[in-house]
Amino acid sequence: MGQATEVKLYTREGAYIPRVAAVHDLCGYGKCSLGVAIPVLSAAGCDVCPVPTGLFSSHTAFPGWYMHDTTEILPDYLNAWKGIDVEIDAVYSGFLGAPEQVDIIRGIYETYPNALRVVDPVMADHGKVYPTYTPELCQAMADLAADADILTPNLTEAAIILGEPIGDAWGGVNISDGEAKRLVDALLEKGAKNVILKGIQRGDGLIRNFVAGRDFEMFEASNEFVPYMLHGTGDLYCSALLAAVMAGRTMAEAVRFAGDLTHDAMLVSAQQPAFKDRGVSFEPLLGRVSALLA
């Protein structure tokens, strides 16, 4: 095997602007999903083509949130792209609204067979499944994970993908290097080509991500642990990772860039009013994303 410092999943050529189909929900308030992916990837010089999987009034931690499932409109939406010769260089999926949307994503893969496949399996955290996710949708997301060129689960999502217990049997966020390797290897064996297992905490002031691919051995990328949770940090991490990949950076560079940007955005967020509800504030840092092209 080689080193992650040598592995590039996309080669940026000249003045070409790559197109990314961003298959996420659109959230009106609480900064996540398309509200993160569009500005971050755009700052990296990508043409972001949204495929909205649902419309939310806010993220689901707020009371009285409203969701509109867009599944019925997506086939016509995407068929219209075929009629105007849309070309896609990467398909980046996150939160999904229904199991049928996995088949729709597979249809996008078939239409654009050379596009990079990035799956952020947004469905659970800390041993709990998100309120809109049914067992059928979790299983469909687990199946989609096997098709990923880049897969970015947290520990709960990794367990769901692998059919391992969560809930009352949840083991928490403190796992050993050996257990992390077991999970990452199992996800690679299931079909993903590159895996970033996110969010391991050991009470030592660090948060760790474990990274491995079919072409390189597992390594750890860590950042200072910030002692509060913010909505949208997972979306920011994966969007920043893909931004670096589409800028032609190596996997090692992309992972470290995403971790550093997310950490620093959490510090910026703490300066905002009601920041724990408002979501991650990354806007002042978008210049660092644009600098990926320098």
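Scope of this entry: the structure provided in the associated data block.

Rules used in this analysis
Residues numbered from 1 in each chain as written. Predicted model: local features only at pLDDT ≥ 70, side-chain atom pairs only at ≥ 80, totals over all residues. Heavy atoms only, no water. Axes fitted to C-alpha atoms, helices over the stretch in contact; angles between N-to-C directions. Helix = DSSP H or I, 4+ residues; strand = E, 2+ residues; numbered from the N terminus. Parallel < 35°, antiparallel > 145°, perpendicular 65-115°, else oblique. Contact = heavy atoms within 4.5 Å. Nonpolar A, V, L, I, M, F, W, Y, C, P; charged D, E, K, R; others polar. Buried < 20%, exposed > 50% of the residue type's maximum accessible area, 1.4 Å probe, protein only. Polar contact = N/O pair within 3.5 Å; in protein donor to acceptor, adjacent residues only side chain to side chain. Core = buried A, V, L, I, M, F, W, Y, C linked by side-chain atoms within 4.5 Å. Phe/Tyr/Trp six-rings, centres within 6.5 Å; stacked < 30°, edge-to-face > 60°. Arc of directions from axis to C-beta.

1. Observations regarding the packing of helix α2 (residues 74-82) against helix α3 (residues 100-111)
Logical step 1: In contact at an axis separation of 11 Å, α2 and α3 are set at 10° when each is read in the N-to-C sense. The orientation of α2 relative to α3 falls into the category roughly parallel. Facing α2, whose interface residues are L74, P75, L78 and K82, α3 presents Q101, I104, I108 and T111.
Logical step 2: Of the residues belonging to the contact of α2 with α3, the class tally is five nonpolar, two polar and one charged.

2. Overview of the side chain of T71
Logical step 1: Residue placement: T71 occurs in the loop between β3 (67-69) and α2.
Logical step 2: With relative accessibility at 14%, the residue T71 sits in the buried group.
Logical step 3: Here D69 takes part through its side chain, which lies 2.5 Å from a polar atom of the side chain of T71.
Logical step 4: Residues in contact with T71, not counting those within four places in the same chain, are A98, E100, Q101 and I104.

3. A few points about the nonpolar core
Logical step 1: Core analysis: the biggest nonpolar cluster contains 55 residues, and L41, L242 and V289 have the highest contact counts within it.
Logical step 2: The set of elements that each furnish at least two residues to this core consists of β1 (19-27), α1 (34-43), β4 (90-93), β5 (116-119), β11 (216-224), α7 (233-246), α8 (251-269) and α10 (286-290).
Logical step 3: Formed by 53 residues, the second largest nonpolar core is a distinct cluster that contains L74, V91, Y109 and A142.

4. Some remarks on unusual backbone geometry
Logical step 1: The residue S33 is not glycine, and still its phi comes out positive at about 50°.
Logical step 2: Here S33 falls in the buried class, since its relative accessible area comes to 2%.
Logical step 3: Despite not being glycine, D85 shows a phi value in the positive range, around 55°.
Logical step 4: Within the element layout of this structure, D85 appears in the loop between α2 and β4.
Logical step 5: Looking at D85, the relative accessible area reads 63%, which means it is exposed.

5. Describing the packing of aromatic side chains
Logical step 1: Considering all chains together, one arrives at seven aromatic pairs under this definition.
Logical step 2: Geometrically, the ring pair formed by F56 and W65 is tilted, given 5.8 Å between the ring centres and 35° between the ring planes.
Logical step 3: Overall, the relative accessible area of 7% leaves F56 in the buried class.
Logical step 4: Note on Y228 and F275: the rings are 5.1 Å apart at their centroids and 80° apart in plane angle, and the pair reads as edge-to-face. On the criterion of sequence distance, the pair formed by Y228 in the loop between β11 and α7 and F275 in helix α9 (residues 275-278) is long-range, its members being 47 residues apart.
Logical step 5: With relative accessibility at 19%, the residue Y228 sits in the buried group.
Logical step 6: Taking the relative accessible area as the measure of exposure, F275 reaches 17% and is therefore buried.

6. A closer look at α2
Every α-helix carries 3.6 residues per turn, so stepping three or four residues along brings you back to the same face.
Logical step 1: Of all the residues in α2, the buried ones are L74, L78 and W81. What you see down the axis of α2 is that its buried residues fit within an arc of 40°, all on one side.
Logical step 2: The inward-facing, buried residues of α2 contact β1, β2 (47-56) and α3.

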